[in-house]
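Analysis of the macromolecular model
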Amino acid sequence: LAAGRSEILYAKGEDVLLYDERAKYVTILAKDVQSAAKMAVLIPGETELITTNQSFVNEVLAEYGYTVLCDCDQYLYPQKVTLPVKHKDIRLLTEADAGYVCAQYAGPNANKTQQAYIMNRIRAKAMYGAIVDGKLAGFVGIHEEGSSGILHVAEAYRSIGLALSLEAYVINRQLEQGRVPYGHVTKENEASAKLQEKLGLYKASKTFYWLEKSACN
């Protein structure tokens, strides 16, 4: 809301429904099943992704063709102090880097949707790369809805602190823009969870669920 990205579709008491038209993304919080069902009918049909931290909402949204993509821990950096960045050679990525980024992040068989998303983030000036010995050794980005992620370090350059530098760098960029940096880490990603702790991020107590529209809907 502060960034002017979302509109309030519904807000009353504990019930909140927010929509980011650009990202085709909805956030929903509900008091109970009845409230969730009432708001579900207001979700725009073109919505592709939804987040909530209430498992009963997942059951309601299943009736509208949404399935749980993953469950995550949310990490937040509420401080206003910038973080130290050990590795100094970090730059904005360009379209020339898209092929490498997509292959490393989405895999060698990345589909057109994944390729288009990476290009979207690069064109939005939301992807940064760490350069070592003249080569792109790792990268990080800001997802379309505002969370940090898309973090990857090439195997040959791991264990030298690049991941710490990359995430600290993107946190600092968000602070400069007046935003509260945050990100979602899947439950099984222990390495990323430890990274958030090293950086001093706060872990929210509730699990956050990402849902996507199933292909048959």
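Read on for an overview of the structure. (Residues numbered from 1 in each chain as written. Predicted model: local features only at pLDDT ≥ 70, side-chain atom pairs only at ≥ 80, totals over all residues. Heavy atoms only, no water.)

Digging into the overall build of the protein chain
If you tally the helices and strands in the protein chain, you get six helices and 11 strands. Taking 2.2 N^0.38 as the reference for a compact globule, 217 residues should give roughly 17 Å; the C-alpha atoms of the protein chain span a radius of gyration of 18 Å, in line with that estimate. The buried share of the protein chain, taken over its 217 residues, is 48%. Considering only contacts within the protein chain whose residues lie at least 6 apart along the sequence, 64% involve residues at least 24 apart. When the accessible surface of the protein chain is summed, it comes to about 11800 Å², and 51% of that surface belongs to carbon and sulfur atoms. Taken together, the 24 basic and 25 acidic charged side chains of the protein chain have centroids lying 5 Å from each other. (Helix = DSSP H or I, 4+ residues; strand = E, 2+ residues; numbered from the N terminus. Rg over C-alpha atoms; globule rule 2.2 N^0.38 Å. Buried < 20%, exposed > 50% of the residue type's maximum accessible area, 1.4 Å probe, protein only. Contact = heavy atoms within 4.5 Å. Areas by Shrake-Rupley, 256 points an atom, 1.4 Å probe, with all protein chains shown as cover. Lys, Arg positive; Asp, Glu negative; His and termini not counted. Charge placed at Lys NZ, Arg CZ, Asp CG, Glu CD.)

Quick look at unusual backbone geometry
A positive phi angle, close to 60 degrees, is found at Lys125, a residue other than glycine. One can find Lys125 in the loop between helix H4 (112-123) and strand S7 (127-132). Residue class for Lys125 comes out exposed when judged on its relative accessible area of 58%.

Description of the packing of helix H1 (residues 33-40) against helix H2 (residues 55-62)
Across the interface, H1 lies against H2 with an axial gap of 9 Å and an inter-helix angle of 45 degrees. Here H2 runs oblique to H1, going by the angle between their axes. Seen along the crossing, H1 lies across H2 with a hand that is right-handed. Contacts between H1 and H2 pair Val33, Ala36, Ala37 and Ala40 from the former with Phe56, Val57, Val60 and Leu61 from the latter. Of the residues that constitute the contact of H1 with H2, the class distribution is eight nonpolar, no polar and no charged. (Axes fitted to C-alpha atoms, helices over the stretch in contact; angles between N-to-C directions. Parallel < 35°, antiparallel > 145°, perpendicular 65-115°, else oblique. Left-handed = near helix turned anticlockwise from the far one by under 90°. Nonpolar A, V, L, I, M, F, W, Y, C, P; charged D, E, K, R; others polar.)

Comments concerning the pairing of strand S9 (residues 148-153)
In the case of a regular strand, side chains alternate between the two sheet surfaces. For S9, a buried count of five out of six residues is recorded, marking the element as mostly surrounded by other parts of the structure. Sheet topology places strand S8 (residues 135-142) next to S9; four bridges connect them, and they run antiparallel. Bridge pairing links Phe139 to His152 in S9. Turn length for the S8-S9 hairpin, with the two strands adjacent in sequence and antiparallel, is five residues, and the turn residue Gly146 shows positive phi of about 115 degrees. (Pairing = 2+ DSSP bridges.)

Side note on the side chain of Thr52
Along the polypeptide, Thr52 turns up in strand S4 (residues 49-52). With a relative accessible area of 2%, Thr52 lands in the buried category. Within polar-contact distance, the side chain of Thr52 engages the backbone nitrogen of Gln54 at 3.3 Å. Residues contacting Thr52, with those up to four places away along its chain left out, are Ile28, Leu29, Val57, Asn58, Thr207, Phe208, Tyr209 and Leu211. (Polar contact = N/O pair within 3.5 Å; in protein donor to acceptor, adjacent residues only side chain to side chain.)

What to know about H2
Where H2 is concerned, the buried positions are Val57, Asn58, Val60 and Leu61. On an axial view of H2, the arc spanned by its buried residues comes to 165 degrees, and they lie on one face. For H2, the elements touching its buried residues are strand S3 (25-29), H1, S4, strand S5 (66-76) and strand S11 (202-213). (Arc of directions from axis to C-beta.)

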